[in-house]
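A look at the structure
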There are 2 protein chains.
Amino acid sequence: MKSLEQMGADARKASKYLAVLDINSRNNALLKVADDIVNNSDYIKKANALDIEEAKKNNMKPSLLDRLTLTDERINGMAEGLRVLAKLDDPIGEITSMKPRPNGLMIGAKTVPLGVVAIIYESRPNVTADAFGLCFKSGNACILRGGSDSINSNVAIVKVITDSLSECGIDTNVISYITDPDRKYVTELMHLNEYVDVIIPRGGAGLIKNVVNNSTVPVIETGTGNCHIYVDEFADIDMAVKVIFNAKTQRIGVCNACESLVIHKDIAKQAIPKIVDALKTKNVLVKGDEYSISCDDRIVPATQEDWGTEYLDYIISVKTVDSIDEAIDHINRYNTGHSESIITKDYDNSRKFLNEIDAACVYVNASTRFTDGFEFGFGAEIGISTQKIHARGPMGLKALTTIKYVIYGDGQIRE
Amino acid sequence: MKSLEQMGADARKASKYLAVLDINSRNNALLKVADDIVNNSDYIKKANALDIEEAKKNNMKPSLLDRLTLTDERINGMAEGLRVLAKLDDPIGEITSMKPRPNGLMIGAKTVPLGVVAIIYESRPNVTADAFGLCFKSGNACILRGGSDSINSNVAIVKVITDSLSECGIDTNVISYITDPDRKYVTELMHLNEYVDVIIPRGGAGLIKNVVNNSTVPVIETGTGNCHIYVDEFADIDMAVKVIFNAKTQRIGVCNACESLVIHKDIAKQAIPKIVDALKTKNVLVKGDEYSISCDDRIVPATQEDWGTEYLDYIISVKTVDSIDEAIDHINRYNTGHSESIITKDYDNSRKFLNEIDAACVYVNASTRFTDGFEFGFGAEIGISTQKIHARGPMGLKALTTIKYVIYGDGQIRE
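Within each chain, residues carry numbers counting from 1 in the order of the written sequence. Key to labels: chains lettered from A, ligands numbered from 1, both in the order written. pLDDT decides what is reported in this predicted model: residues at 70 or higher carry local features, side-chain atom pairs at 80 or more are listed and counted, and totals for whole chains, interfaces and linings draw on all residues regardless. Calculated side-chain values reflect all of the structure's heavy atoms, with hydrogen atoms and water omitted.

Considerations on the overall build of chain A
Broken down by element type, chain A carries 15 helices and 16 strands. On the principal axes, the C-alpha backbone points of chain A span a range of 70 × 70 × 35 Å. Here, residues are in contact when the closest pair of their heavy atoms is within 4.5 Å. The long-range share in chain A, meaning contacts at least 24 apart out of those at least 6 apart in sequence, stands at 71%. Accessibility throughout is a Shrake-Rupley quantity obtained with a 1.4 Å probe, and a residue counts as covered only by protein chains that appear here. For chain A, the computed accessible surface area is about 16,400 Å², with 48% contributed by carbon and sulfur atoms. None of His or the chain ends enter the tally, which takes Lys and Arg as positive and Asp and Glu as negative. Positions of charges follow a simple convention, taking NZ of Lys, CZ of Arg, CG of Asp or CD of Glu. Of the charged side chains in chain A, 47 are positive and 57 negative, and the gap between their average positions amounts to 2 Å. Secondary structure elements follow DSSP: runs of H or I of four or more residues count as helices, runs of E of two or more count as strands, with numbering from the N terminus.

So this is what it looks like as structure tokens:
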């Protein structure tokens, strides 16, 4: 593997080339890569088999083993993702405003790529193709570092991509992969300020925290979701049951799954047993405060720690409150700035919740599971930002761009 | 001084209050603070006199002493800045898009404050009022930490602001000031991730580097400007002389001043003597490469180090090139991503320069000195961003906002 310094310098150079590559060349390359991924599915599956063998030796959990496994369907899915990207509008090159100043200068803001985007991710090898596709479409060079569990799969996918780009006559340094599993390279990457414009960590809380705490390169924090649903005193109980069941159990291991309920005491006695009935059909463990237990004795006591826990499992916490204000305070205290929902028939409470909850996505009468680039209509996503600067919520191609002011003058000087 | 933990928690609480405070209350408070700053100018000047006395004891440079000094005119300027802010449109609360999804969910993006903004700055005490005003107008609580040189002035200004807010019935924790000069508080502030949403350093390269390298709170990097002007082979030489003279000498200590010339060799023999003639009327030291010296023997040899130096002084470097490509490569290698300008009469070269230079602001035929919030028509600025994420170039009120997705449903669940 070349040095990270060299990898960064090469990526920077390639990013300048890619920033001015026309959209037809970018789209055609995406389509070619998509075809080549399908044509090389046996090659990719063979590499994936090595990762799976190693994972089995290490007794990897079945759910993680499933995420790691590449089938023909998943490989076709990767290719299809790239084809969808090829169809989207070019996210760069538009001048979004161009206005004259009194002195005659014309000032416009042009969308341009960020430059070099580093992505550090875990397990799922299809992220390799997704991340490359999003960066490439938006004119960014990328430096990728996947989990060591999926190293053989990732390297194979990157090889297919670079061979394909090479055949298109494209500078292959637009994609780099850190093959050496030594963690010192992650540390080095996080300090490559001269060559890397932004780092996006995708994965568990530990990975994200490590990057946020140690990177001097700007970071876009993604991911962890301690999402709440608040059942207002004026809720439609049937809707609450349906939405909570969906948000908790439709897919448990994702960041937009519901982890905690907050319920107004005036509706708790009626609503809680029905909610627990539904959750128990999927054997969800329900942990709650004292009042919630008095409403349904299938609930076990929650501790303070539960309010801040993202279970990613068949577990949910229940907190009862005396008012919507108490609900909002509780959610704003324990949430991770991801997705929060209120179930209510009351106009004022819906507006109050939308206004006062501090999170990327705030819902009225809907499941938190919709926080997702495809569901929002963005086409594809590089992650879900839980920080406030640059991008918030599902990040599509636009999140991989910035602006450059272009200014046309005819000799203006400042007086 | 209260603990930073407490200061952060209080600021966070105040930010929730301020985020939903109506625009009339915010504007009226800004006007009241403006009046009170003028009414208390003697009090502020008395505090400022202590800082000046101390600075003189420490043999502060005259240019810095001038920046530190508050006159009636400057105090009126601070107040006027707040009055201008009160007149600007509310930057928060707008829902910029609201579209239905096929499943009936209505998804909109609402502009909201960032939350708590920390600003670390040096010397000029008027930044205290400016920074407060920008944060307050945009619904953000602020935590300020000014230079120890201006501590008495800053504390006096903050006292006038908080007294004024208190009389308006506004939570005074919307502004906090770190009065203890111990640097450990700056370090602590840079790790207050739970309570601080973004840190903006304003000042010299050392301050900015310290914050970028050590903060775990997201940073918006501002400031340093190694700005170039490229004199193309097809330049109008008279325009080049006029623009370069302005960009270098109109104000030397600012980040948008020109620090380096790049000149095509085919025009160098004609252009350089005229440029040096003009610069010498202000005794500018001109340092250049061998070919530039062969064009004008008043130029002294430059070293490699000069290409990357932001002089902030009556000094300029001159690099001669054989082509516009070489000029672009040189500028992209040594610039700080601030402001770059080309002087040319050629259509293709103007477009090439605008497309290929990687900087916040790229000019054709104009002085780099226009990179400034007021000159761009943004009204006021919190700094000039030289990074690519969140904001780039002059940052007005919009840079202090983020978005929140608001989603209206009627029971939607994800299939």
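Having put the structure on the table, let's press on.
A closer look at the nonpolar core
Counting residues in hydrophobic clusters, the biggest one holds 98 residues, and the most contacted among them are A:Leu165 and B:Leu165. In this view, A:Leu165 contacts A:Ala29, A:Val33, A:Phe132, A:Phe136, A:Ile170, A:Thr172, A:Val174 and A:Ile175; residues no more than four positions away in its chain are not counted. We define a nonpolar core as any set of buried Ala, Val, Leu, Ile, Met, Phe, Trp, Tyr and Cys residues linked to one another through side-chain atoms lying within 4.5 Å. Remark: exposure states derive from per-residue accessible area (1.4 Å probe, protein chains only) relative to the maximum for the residue type, with buried under 20%, exposed over 50%, and partly exposed in between.

Brief notes about the relation of the copies chain A and chain B
Only residues with pLDDT of at least 70 in both copies contribute their C-alpha atoms to the least-squares superposition of the copies. When chain A is fitted to chain B, the best match, at an RMSD of 0.0 Å, comes from turning it 180° and sliding it 0.0 Å along the axis. On the angle and the small slide along the axis, the relation comes out as a two-fold axis. Taking C-alpha positions as the reference, the residue of chain A nearest the rotation axis is A:His390, at 1.7 Å. Taken as a fraction of all interface residues of chain A, those also at the interface in chain B reach 100%, which identifies the copy contact as same-surface.

Describing the sheet that holds strand β3 (residues 116-121) of chain A
Residue and element names in this part refer to chain A. One open sheet accounts for four strands, arranged β5-β4-β3-β6; its pairing is parallel. Unpaired on one side and paired on the other, β5 (175-177) and β6 (198-202) mark the two borders of the sheet. Here the strands of the sheet are splayed against their neighbours by 20° on average, with no regard to which way each runs. Note that β3 and strand β4 (residues 141-145) share five bridges and pair parallel. Looking at the pairing, Val116 lines up with Ala141 of β4. Only strands joined by at least two bridges in the DSSP assignment are considered to pair. For helices, the axis comes from a line fit to the C-alpha atoms of the stretch in contact; other axes are also lines fit to C-alpha atoms, and the angle between any two N-to-C directions lies between 0 and 180 degrees.

Structural notes on the packing of aromatic side chains
Put simply, two rings from Phe, Tyr or Trp (the six-membered ring, in Trp's case) pair if the centres are within 6.5 Å, and we call them stacked under 30 degrees between planes, edge-to-face over 60, tilted for the rest. Counted under the stated rule, the structure contains ten aromatic pairs over all chains. Centroid distance A:Phe378 to B:Tyr405: 6.0 Å. Interplanar angle 50°. Geometry classified as tilted. Of this pair, A:Phe378 sits in the loop between β13 (361-366) and β14 (383-385) while B:Tyr405 sits in strand β16 (residues 401-412), placing the two residues on different chains. An aromatic cluster of at least three residues, connected via ring pairs, comprises A:Phe376, A:Phe378 and B:Tyr405. Here, a charge over a ring means that NZ of Lys or CZ of Arg falls within 6 Å of the ring centre while also lying within 35 degrees of the ring normal. A cation sits over an aromatic face here: A:Lys269 above A:Tyr291, 4.8 Å from the ring centre.

Some details on the packing of helix α6 (residues 126-137) of chain A against helix α7 (residues 151-167) of chain A
Residue and element names in this part refer to chain A. It is the contact of α6 with α7, at a shortest axis distance of 9 Å, that shows an interaxial angle of 35°. Touching Thr128, Ala129, Phe132 and Phe136 of α6 are Asn154, Ile157, Val158, Ile161 and Leu165, all from α7. Amino acids outside the nonpolar list (Ala, Val, Leu, Ile, Met, Phe, Trp, Tyr, Cys, Pro) and the charged list (Asp, Glu, Lys, Arg) are all regarded as polar, and Gly is one of them. For the contact of α6 with α7, the residue count by class is seven nonpolar, two polar and no charged.

Thoughts on the interface of chain A and chain B
Note on interface size: it is often stated as the accessible area lost on association of the parts. Counting residues at the interface gives 70 residues for chain A and 70 residues for chain B. Across the chain A/chain B interface, buried area totals approximately 5,700 Å², and carbon plus sulfur atoms make up 54% of it. Buried area: the accessible surface (1.4 Å probe) lost by two parts on joining, summed over both. Three residues, A:Ile389, A:Tyr405 and A:Arg414, lead the burial of chain A against chain B; their summed loss comes to 15% of the area buried on that side. Should a side-chain nitrogen of Lys or Arg be within 4 Å of a carboxyl oxygen of Asp or Glu, the pair is scored as a salt bridge. Linking chain A with chain B are eight salt bridges.

Observations regarding helix α13 (residues 324-334) of chain B
Every buried residue of α13(B) is listed here: B:Ile324, B:Ala327, B:Ile328, B:His330, B:Ile331, B:Asn332 and B:Tyr334. Along its buried surface, α13(B) packs onto α1 (4-19) of chain A together with β7 (227-231), β8 (258-264), β11 (315-321), β12 (339-343) and α14 (347-356) of chain B.

Quick look at the sheet that holds strand β6 (residues 198-202) of chain B
Residues and elements named next belong to chain B. If you walk across this open sheet you meet the four strands as β5-β4-β3-β6, and the pairing is parallel. The open sheet has two edge strands, β5 (175-177) and β6, and neither has a second partner. Across the sheet, the mean angle from the axis of one strand to that of its neighbour is 20°, orientation sign disregarded. Together, β3 (116-121), β4 (141-145) and β5 form the strand contacts of helix α1 (residues 4-19), whose direction differs from that of β4 by roughly 145°. In this fold helix α9 (residues 205-214) packs onto β3 and β6, with an angle of close to 160° to the strand it touches most, β6.

Overview of the confidence of the model for chain A
Across the chain, each position has a pLDDT score giving the predictor's confidence in that residue, from 0 to 100. For chain A, the average pLDDT comes to 95, and 100% of its residues sit at 70 or higher. For this predicted complex, the interface confidence reaches an ipTM of 0.92, while the overall pTM sits at 0.91.

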